[in-house]
2 protein chains.
Amino acid sequence: MEMGSGGDERSGLLARGWLLLKALPEKFKAKMVNFVVVTKKLGQDDPRRVIHSLKVGLALSLVSLFYYFETLFNSFGVHAMWAIMTVVVVFEFSVGATLGKGLNRAMATLVAGALGVGAHYMASISGNVGEPIILGIFVFFQAAVSTFIRFFPKIKARYDYGLLIFILTFALVSISGFREDEILEFAQKRLATVVIGACACVIVSIFVCPVWAGQDLHNLISLNMEKLGTFLEGFGNRYFGSTEDEEFKDNESFVHGYKSVLNSKTIEETLANFARWEPGHGRFMYRHPWKQYLKVGTLTRQCAYRIEALNGFLSSDIQVQPEFARKIQDTCTKMSLDSGKALKELALAVKTMTRPSSADSHVANLKTSTKNLRCLLKCGLGNDTDLLKVIPVTTVASLLIDVAMSVEEITASVNELASLAHFKQKAKDTNLTLEKRHGVLKSLSKQGQCSRCCYNS
Amino acid sequence: MEMGSGGDERSGLLARGWLLLKALPEKFKAKMVNFVVVTKKLGQDDPRRVIHSLKVGLALSLVSLFYYFETLFNSFGVHAMWAIMTVVVVFEFSVGATLGKGLNRAMATLVAGALGVGAHYMASISGNVGEPIILGIFVFFQAAVSTFIRFFPKIKARYDYGLLIFILTFALVSISGFREDEILEFAQKRLATVVIGACACVIVSIFVCPVWAGQDLHNLISLNMEKLGTFLEGFGNRYFGSTEDEEFKDNESFVHGYKSVLNSKTIEETLANFARWEPGHGRFMYRHPWKQYLKVGTLTRQCAYRIEALNGFLSSDIQVQPEFARKIQDTCTKMSLDSGKALKELALAVKTMTRPSSADSHVANLKTSTKNLRCLLKCGLGNDTDLLKVIPVTTVASLLIDVAMSVEEITASVNELASLAHFKQKAKDTNLTLEKRHGVLKSLSKQGQCSRCCYNS
């Protein structure tokens, strides 16, 4: 083509252009199909997303009624737009986040409005020349100081948004007062419309299919333990190669679910911060011990780090001395299984808010197994051992002992949670059947997945 | 006291009240002192926080000039407040975040304003009764659809704020148009003031002591490798007990610095998102390979998980067979030291943007050591070995081998980064002296600490 005449080149370009053009609708179609698939998956993974979107529309429609009805509009004038703005900005996925933002916004508007009016009066008594200078100094300093205060970690966690609105309202009220004489009216109407907008958000958020951050944190903590449990239940059989277990192979992706636990710190802390704003709901009282959930979460993550180390041995292809492996295989498999069962039991106990009944017995089993394993290791080596082929197995054994200790700590921590949050004693006859447990945990796993994505910011 | 008469009780209460009252000023004083200490520490840890606060004040003062000058005010009227609002909401700690938010806000205002005007015209041709209904439907659906789109992970990462402003502007323009006839003017002025506010933010953010998210990400990645390096350099000597090294003991808190690496995923991703908005600056071009930084970060975190497992053995009090430990002690210590040195070398290379020169030789050393260690383990066990006392040491050895592999991966990844980002070849005579290296890394460590807190949200 390069060697061809100008005409050839042009027709070549045209042909290529034509091909591209012809491919365009197909590319567009492929993109659209992909878009539809992703959209459908987002909605199916967590239907609460669809409901949340409709709720935002509903709240916005509610406050836009201000504009439609003459009488309401006449009393608020253009200030009605603050209500709309409040709804758009304050409405969040969970009740806790919405409530926190709404309260922050309303309180900050109140305080900053009052201070702004004060600043305006102080400036106005200092004459025509002094007024803008004094106002400028006020605005500059309050913005600088408030911005700095936002860096305090504790304040950032709970009142960040309030400080932002404080800066905004103070500046608007004090400066706009420079123009309008009805500064008090301005501040009042801004407060009233903000409160109305915030109330609309909170009411819709609480009374239309509420999403509780506390409930999500509760589910997430339980789900994380469940994920580690699933891994551990399968690990023993898998590592010692005694399994070509079909069920286990199918669950490949589920087994690797524990990886998400490694990075769950941020989302747990965010949810706990939101949950503290929430009123009592369902089985959760106001002042539910959310901090204890974070402790359980931290210990679970600690356990996940150890499992991450264990997981490395599943894929390693270092040869293992079979005689030695066989010696400790049973004990290791039992330990791994017991750890997994204990974690699943704890997950279920948290989920159903009953006291963990059999976790303690699993932990007792673990202690016995640890002793046995230590004993086996102490006396189990023949003279002709190739240490290099023994090391992977001993490392796995040693990591399993660490995991067992971790599980013990988690059990203690969940027990503490159970007494702090007054979990019910499980009646013997209400013991869940295996199928029911499976059902509960399955639905739990679905919810947990979703909340993770909805809060990721 | 309980047995006493009414008079006794009352005087007792009074006395207690008096004590409480007397303690009040002291408590208040203590709280104030604490507040001052925390404030001072926040400012000293990262002076950029103080500068940022002043910058916000400056930008706000700049746009509030609108209100002070008659001519400007007359042309924009009350719309000038959008400029103030934009500054307060858009101004963020780093240039990238500010630029991203500003562009999002301006673009969303433009598009939503145009669509809002269109929706208003469509509604206005449908008569007095139909108008509010059609507008209501429009507002409801665009709010619901836009809110749902905010759940798409890729869109959430970059355009979340834009969609929020889209919902807001569309609602304000289309509904307020229902009242005012000058809807086009409303949309235009809103756009103009928003653009002015956003420009004020971006200009102040870039030209007054700019904070680049890209630079912070760069420092953080380097610092994280440095932290792991510090731990590893000290680990060998410490574990095998050959050290009562004073320097090492003093650095206790520094040694445990690696813990923060475990949870650095969120902050790294946030910084990378911001960095993509930033124009070329300093040694970073536009389209600097920020994604590769995330890859290096992920591998570093992987290495940190292994170090977390290693760290468990530092505090464990299981007895170790000394003869066996002595046998592999030298090789293990050397491996740990080499891993540490390699990581520190990589950290320095990233920091100074030069190609890592000696990291490869450290990795070669590591490979030899790994072979040696394997050999020692293979043939190094006597007949009378108590395996239980050998296990901790072998586990440490095996973990060190894993760490060495991790370091190899990190080295490859940093080399890739070096070629993607065109790091300079280090001239031989410009080799930094040891003191200079120490200085560079010290300042780096300080910066990294700070950026972590400033972005934590």
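Residues numbered from 1 in each chain as written. Chains lettered and ligands numbered in written order. Predicted model: local features only at pLDDT ≥ 70, side-chain atom pairs only at ≥ 80, totals over all residues. Heavy atoms only, no water.

Draft legend 1. Region of the structure containing the overall build of chain A. Assigned secondary structure in chain A consists of 18 helices and 0 strands. Taking all 457 residues of chain A together, 51% fall into the buried category. Sequence-distant contacts in chain A: of pairs separated by 6 or more residues, those separated by 24 or more amount to 83%. Split by element, the accessible area of chain A, about 21500 Å² in all, is 62% carbon and sulfur. (Helix = DSSP H or I, 4+ residues; strand = E, 2+ residues; numbered from the N terminus. Buried < 20%, exposed > 50% of the residue type's maximum accessible area, 1.4 Å probe, protein only. Contact = heavy atoms within 4.5 Å. Areas by Shrake-Rupley, 256 points an atom, 1.4 Å probe, with all protein chains shown as cover.)

Draft legend 2. Examining the interface of chain B and chain A more closely. Counting from both sides, the interface comprises 76 residues of chain B and, opposite them, 76 residues of chain A. Carbon and sulfur atoms supply 75% of the area that chain B and chain A bury against each other, a total of about 7300 Å² over both sides. Counting every contact that joins chain B to chain A gives 0 salt bridges. Where chain B meets chain A, there are 5 residue pairs in polar contact (both at pLDDT 80 or more). Counting residues per element, the side of chain B that touches chain A draws most heavily on helix H2 (residues 48-68) of chain B, at 13 residues. Its residues placed into classes, the side of chain B that touches chain A shows 45 nonpolar, 19 polar and 12 charged. (Buried area = accessible area lost by both parts, 1.4 Å probe. Salt bridge = Lys/Arg side-chain N within 4 Å of Asp/Glu carboxyl O. Polar contact = N/O pair within 3.5 Å; in protein donor to acceptor, adjacent residues only side chain to side chain. Nonpolar A, V, L, I, M, F, W, Y, C, P; charged D, E, K, R; others polar.)

Draft legend 3. Expanded view of the packing of aromatic side chains. With the rule as written, the count across this model stands at 27 aromatic pairs over all chains. For the ring pair Phe284(A) and Trp290(A), a centre distance of 5.5 Å and an interplane angle of 40 degrees mean the geometry is tilted. Relative accessible area serves as the criterion here: at 1%, Phe284(A) is assigned to the buried category. What makes Trp290(A) buried here is its relative accessible area of 6%. Taken together, a centroid distance of 6.4 Å and an interplanar angle of 20 degrees make the contact between Phe166(B) and Phe170(B) stacked. (Phe/Tyr/Trp six-rings, centres within 6.5 Å; stacked < 30°, edge-to-face > 60°.)

Draft legend 4. Examining the nonpolar core more closely. Membership of the largest hydrophobic core comes to 123 residues, with the highest contact counts inside it found for Met225(A) and Met225(B). The biggest single contributor to this core is helix H17 (residues 387-420) of chain B, with 16 residues. Phe66(A), Phe76(A), Val56(B) and Met81(B) belong to the second-largest nonpolar core, a separate cluster that totals 85 residues. (Core = buried A, V, L, I, M, F, W, Y, C linked by side-chain atoms within 4.5 Å.)

Draft legend 5. View of a nonpolar patch on the surface. Residue and element names in this part refer to chain A. Taken together, the side chains of Phe28, Met32, Phe35 and Val36 make up a nonpolar region of the molecular surface, amounting to roughly 400 Å² of accessible area. When you line up the elements, Val36 lands in helix H1 (residues 6-45). Residue class for Val36 comes out partly exposed when judged on its relative accessible area of 47%. (Patch = residues over 30% accessible without salt bridge, like charges linked within 9 Å, V, L, I, M, F, W, Y side chains within 5 Å.)

Draft legend 6. Structural context of the packing of helix H5 (residues 95-124) of chain A against helix H6 (residues 127-149) of chain A. Residues and elements named next belong to chain A. The contact between H5 and H6 brings their axes to 8 Å, and the two run at 145 degrees. Residues Ala119, His120, Met122, Ala123 and Ser124 of H5 form the contact with H6, whose own contacting residues are Gly127, Glu131, Ile134, Leu135 and Phe138. For the contact of H5 with H6, the residue count by class is 6 nonpolar, 3 polar and 1 charged. (Axes fitted to C-alpha atoms, helices over the stretch in contact; angles between N-to-C directions.)

Draft legend 7. Main features of the relation of the copies chain B and chain A. If you rotate chain B by 180 degrees and push it 0.0 Å along the axis, it lands on chain A with an RMSD of 0.1 Å. Viewed as a symmetry operation, the transformation between the two copies matches a two-fold axis. Here 100% of the contact residues of chain B are again contact residues in chain A; the copies associate through an equivalent surface. (Least-squares fit on C-alpha atoms with pLDDT ≥ 70 in both.)

Draft legend 8. Structural context of the UniProt feature "transmembrane region" (unreviewed entry) in chain A. All names here are of chain A. The UniProt record marks residues 50-69, 81-99, 133-152, 159-179 and 191-213 with the feature "transmembrane region" (unreviewed entry), using the residue numbering of this structure. Each end of residues 50-69 is marked by a C-alpha atom, and these two atoms are 29 Å apart; helix forms 95% of the span and strand 0%. With 79% helix and 0% strand, residues 81-99 has end C-alpha atoms that lie 20 Å from one another. (UniProt positions renumbered as here; feature names shortened; annotations may be inferred.)

Draft legend 9. Up close: the environment of Asn273(A). All names here are of chain A. Looking at where Asn273 falls in the secondary structure, it is placed in helix H13 (residues 265-275). Sequence separation between Asn273 and Cys209 is 64 residues, and the spatial gap between their C-alpha atoms is 21 Å. Leaving out residues up to four positions away in the same chain, Asn273 has contacts with Ala157 and Arg158.

Draft legend 10. Structural context of the environment of Thr266(B). Residue and element names in this part refer to chain B. Relative to the helices and strands, Thr266 resides in helix H13 (residues 265-275). Judged by relative accessible area, Thr266 falls into the partly exposed class, the value being 30%. As for Thr266 and Ile183, which are separated by 83 residues in sequence, their C-alpha atoms are 43 Å apart.

Draft legend 11. Molecular detail of the pattern of salt bridges. All names here are of chain B. Scanning the model with the defined rule gives 26 salt bridges over all chains in all. The shortest N-O distance in the salt bridge between Glu233 and Lys344 comes to 3.3 Å. Of the two residues, Glu233 sits in helix H9 (residues 213-239) while Lys344 sits in helix H15 (residues 322-352), which places them 111 residues apart along the sequence. Residue Lys344 is classed as buried on the basis of its relative accessible area, which comes to 17%.

Draft legend 12. Layout of unusual backbone geometry. Residue and element names in this part refer to chain B. Although it is not a glycine, Cys209 sits at a positive phi angle of roughly 40 degrees. One can find Cys209 in the loop between helix H8 (183-207) and H9. Cys209 gets classed as partly exposed once you look at its relative accessible area, which sits at 45%. Of note, the phi angle at Met353 is positive, near 55 degrees, even though the residue is not glycine. Relative to the elements of secondary structure, Met353 occurs in the loop between H15 and helix H16 (359-379).

Draft legend 13. Representation of a positive patch on the surface within the structure. On the surface, a cluster of positive charge is contributed by Lys154(A), Arg276(A), Arg287(A), Lys291(A) and Lys295(A). Structurally, Arg287(A) can be placed in the loop between H13 and helix H14 (290-315). (Lys, Arg positive; Asp, Glu negative; His and termini not counted. Charge placed at Lys NZ, Arg CZ, Asp CG, Glu CD.)

Draft legend 14. Quick peek at the side chain of Lys55(A). Here Lys55(A) lies in helix H2 (residues 48-68). In this structure Lys55(A) is buried but unpaired, with Glu278(A) as the nearest side chain of opposite charge at 10 Å.

Draft legend 15. Geometry of helix H8 (residues 183-207) of chain A. Here H8(A) spans 36 Å end to end across 25 residues, near enough to the 36 Å set by a 1.5 Å rise per residue. Directly after H8(A), the chain includes Cys209(A), whose backbone phi takes a positive value near 40 degrees. (Expected span 1.5 Å × (residues − 1).)

Draft legend 16. Structural detail: the state of the cysteines. Enumeration according to the criterion identifies 0 disulfides over all chains in this entry. In this structure Cys199(A) is not part of a disulfide, and its nearest cysteine sulfur, from Cys201(A), lies 9.2 Å away. (Disulfide = S-S within 2.5 Å.)

Draft legend 17. How the structure looks around the confidence of the model for chain A. All names here are of chain A. On average, residues of chain A score 82 in pLDDT, and 83% of them reach the 70 mark or higher. Taken element by element, chain A is modelled with least confidence in helix H18 (residues 434-455), mean pLDDT 49, and with most confidence in H13, mean pLDDT 92. Ignoring residues within four places in sequence, the model shows residues 429-435, a span with pLDDT below 50, making 4 contacts including any to other chains. In the model, residues 446-453 has pLDDT below 50 throughout and makes 23 contacts with residues more than four positions away in sequence or in other chains. Across the interface, the model reports ipTM at 0.83; the global pTM reads 0.83. (pLDDT = per-residue confidence, 0-100.)

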